[in-house]
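# Structural description and commentary
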Amino acid sequence: MKHNEISILGSGLIGSLLSIYLKKRGLKVDIYEKRADNRKGNYTEEGRSINMALSDRGWKALEDLGLTDKVKPLTIPMYGRKIHDEHGKTTFIPYGKDGQAIYSISRGRFNQLLMEEAEAAGVNIHFEHKIEDVDLRNNSLLLSNPQSKSLNISSEVIIGSDGAYSALRNAMLKQVRFDYKQEYISHGYKELTIPATAEGEFALDPNALHIWPRGSFMLIALPNPDKSFTCTLFLPFEGKRVCFENIRDEKDVEGVFKTYFDDAYQIMPQLKQQYFNNPTSALINIECFPWMQQKALLIGDASHAMVPFYGQGMNCGFEDCYILDKLINKFGTNAWELVFAKFQKVRKPDTDAICQLAMENFEEMKNSVSDPKFQIRKKIEAKLHSLYPHDWIPLYTMVTFSDIPYSEAYAQGKLQESIMDKVMSNPLITQNWDKLDYEDIIDQLDKAKAV
């Protein structure tokens, strides 16, 4: 039986980044990945979003490892949401202050870069190694690969960064007093493409995240370096109105897009072919606890998979790696059970909070953003933030452009939401929003905090 110091399950974004952190601590790290090495051909991964939105928490971990300069050229900044109404008119809503942006990046290319960096640091990545079983009593793995029937590996430490359908978590499910909850939402998603124009340019503004909100469903688009946009169509799986179940042929596709997303339809020449060729994928939210069993730990989506509507899944996973590394630095590499216990204690309230925020933001994206009152609400919050930058920080800013713990951002956001609800209840708010008594709003917030 082979003996490893650290075995990481999954070579995705989180597993690859974590392996670099651990290698820099002088540890011997092996990664086991069930898929083939995707760097040897075109990167395709069924059921996974093609584009990610990299924001401050993710950048913080990359900067910590000295990877910022290598990642930046792969990204395109998006400074706000561009809302498309049903007549093709657009409205731009900034994400934060001038210059603040989230960054569109291809999952595949990003993953390749992190794997290359991991291997350059001395990490061993074993592709086409499927985890058949995990023995938590002996901290050992049973694997299979195309070359041999089975492989037994013992490991001092096992870390499961193997996503929402984690093999390590499945092993933990068999243990006593392991809480587990999974929830599929009613909507699924399908990836589509807006190609570059005939002149080789972007067909839409490349520095915005485009949203076509339509109440119970929506389309979004993120820019790519090749001047295309990756679109994601979010629809209910079934229902009486627009849903995946009711789109059966090319005529149905054309009818839905011409009716609800006509400006997008005009620049999607491969729409019908892509619609039926590309898979329809489900969206899942997963919560579990504890994340550890002795010297085995769940991290990233394996412990807290979330729906993608706050753009924080990858950023949260990268922050997991950052926080875990700082605990290893504090307690050392001979106290794994203490490190893991501290990690899950400090991190669980924050991941619960961002999972909840991601679910709530779905409603905002597909419904509220098209409401003129929502746009005024955002302007009032931006004005409050500019006048009182330390007293009023918009929830989106706390989550996306800071490292304030998610649980603190959630609590503060709920207080601010209750006060803004009162402000927006004024029947003349659309005419008088710029003449409000902003100091009084801050006083209300201070009183609410005191209570």
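Shown above is the structure to which this text applies.
Everything numeric in this text was worked out from a predicted model, so none of it was measured.

Another aspect to go through is the sheet that holds strand β15 (residues 229-236). Sheet strands pair by backbone hydrogen bonding; their relative direction is either parallel or antiparallel. Strand order in the open sheet formed by 7 strands is β6-β5-β13-β14-β15-β12-β16, and the pairing between neighbours is mixed. Pairing within the sheet leaves two strands with one partner each, and these edge strands are β6 (90-94) and β16 (280-289). Averaged over all pairs of adjacent strands, the angle between strand axes in this sheet comes to 25°, irrespective of strand direction. One ladder, built from 9 bridges, connects strand β12 (residues 179-194) with β16; its direction is antiparallel.

We now examine the packing of helix α1 (residues 13-24) against helix α10 (residues 313-331). The contact between α1 and α10 brings their axes to 10 Å, and the two run at 20°. Between α1 and α10, the angle is such that the two are roughly parallel. The chirality of how α1 crosses α10 is right-handed. Counting all contacts with α1, which are made through Leu 13, Ile 14, Leu 17, Leu 18, Tyr 21 and Leu 22, the residues of α10 involved are Met 314, Gly 317, Phe 318, Cys 321, Tyr 322, Leu 324, Asp 325, Lys 326 and Ile 328. Among the residues making up the contact of α1 with α10, the classes are represented as 12 nonpolar, 1 polar and 2 charged.

Once that is clear, we can look at the pairing of strand β3 (residues 51-54). With burial as the criterion, each face of β3 is covered, one bearing Asn 51 and Ala 53 and the other bearing Met 52 and Leu 54. Pairing between β3 and strand β7 (residues 102-106): 4 bridges, direction antiparallel. Within β7, the position partnered with Met 52 by the bridge is Ile 105.

For the rest of this paragraph, the subject is the packing of aromatic side chains. Evaluation of the coordinates by the stated rule reveals 16 aromatic pairs. Where Tyr 275 meets Phe 276, the ring centres are 5.1 Å apart and the plane angle is 75°; that geometry is what we call edge-to-face. Every member of this aromatic cluster is reached through a ring pair, and the members are Tyr 95, Tyr 310, Tyr 396 and Phe 401. For Lys 72, the ring lying beneath its charged end belongs to Trp 59, and the centroid distance is 5.0 Å. Geometry around Tyr 275 places Lys 190 over its ring, the cationic atom sitting 4.6 Å from the centre.

The next point concerns the nonpolar core. Residues Leu 17, Leu 22, Leu 62 and Phe 318 are the most contacted members of the largest nonpolar core, which totals 65 residues. Setting aside anything within four residues of it in sequence, one finds Leu 62 in contact with Leu 17, Leu 54, Leu 67, Thr 68, Val 71, Phe 110, Leu 114 and Phe 318. Grouped together as the second largest cluster of nonpolar side chains are 35 residues, Ala 358, Phe 362, Val 399 and Phe 401 included.

Within the element layout of this structure, Pro 427 appears in the loop between α14 (406-424) and α15 (429-432). The exposed category is assigned to Pro 427, whose relative accessible area is 71%. When the C-alpha positions of Pro 427 and Asn 111 are compared, they lie 50 Å apart, and in sequence the two are 316 residues distant.

Before going further, it helps to spend a moment on a negative patch on the surface. A cluster of like negative charges, contributed by Asp 391, Asp 437, Glu 439, Asp 440, Asp 443 and Asp 446, occupies part of the molecular surface. Tracing the backbone through its elements, the reader meets Asp 443 in helix α16 (residues 438-450). Exposure remark for Asp 443: the relative accessible area of 36% places this residue in the partly exposed category.

Reading the values: rules and limits
- Residues numbered from 1 in each chain as written.
- Predicted model: local features only at pLDDT ≥ 70, side-chain atom pairs only at ≥ 80, totals over all residues.
- Heavy atoms only, no water.
- Pairing = 2+ DSSP bridges.
- Helix = DSSP H or I, 4+ residues; strand = E, 2+ residues; numbered from the N terminus.
- Axes fitted to C-alpha atoms, helices over the stretch in contact; angles between N-to-C directions.
- Parallel < 35°, antiparallel > 145°, perpendicular 65-115°, else oblique.
- Left-handed = near helix turned anticlockwise from the far one by under 90°.
- Contact = heavy atoms within 4.5 Å.
- Nonpolar A, V, L, I, M, F, W, Y, C, P; charged D, E, K, R; others polar.
- Buried < 20%, exposed > 50% of the residue type's maximum accessible area, 1.4 Å probe, protein only.
- Phe/Tyr/Trp six-rings, centres within 6.5 Å; stacked < 30°, edge-to-face > 60°.
- Lys NZ or Arg CZ within 6 Å of the ring centre and 35° of its normal.
- Core = buried A, V, L, I, M, F, W, Y, C linked by side-chain atoms within 4.5 Å.
- Patch = residues over 30% accessible without salt bridge, like charges linked within 9 Å, V, L, I, M, F, W, Y side chains within 5 Å.
- Areas by Shrake-Rupley, 256 points an atom, 1.4 Å probe, with all protein chains shown as cover.
- Salt bridge = Lys/Arg side-chain N within 4 Å of Asp/Glu carboxyl O.
- Lys, Arg positive; Asp, Glu negative; His and termini not counted.
- Charge placed at Lys NZ, Arg CZ, Asp CG, Glu CD.

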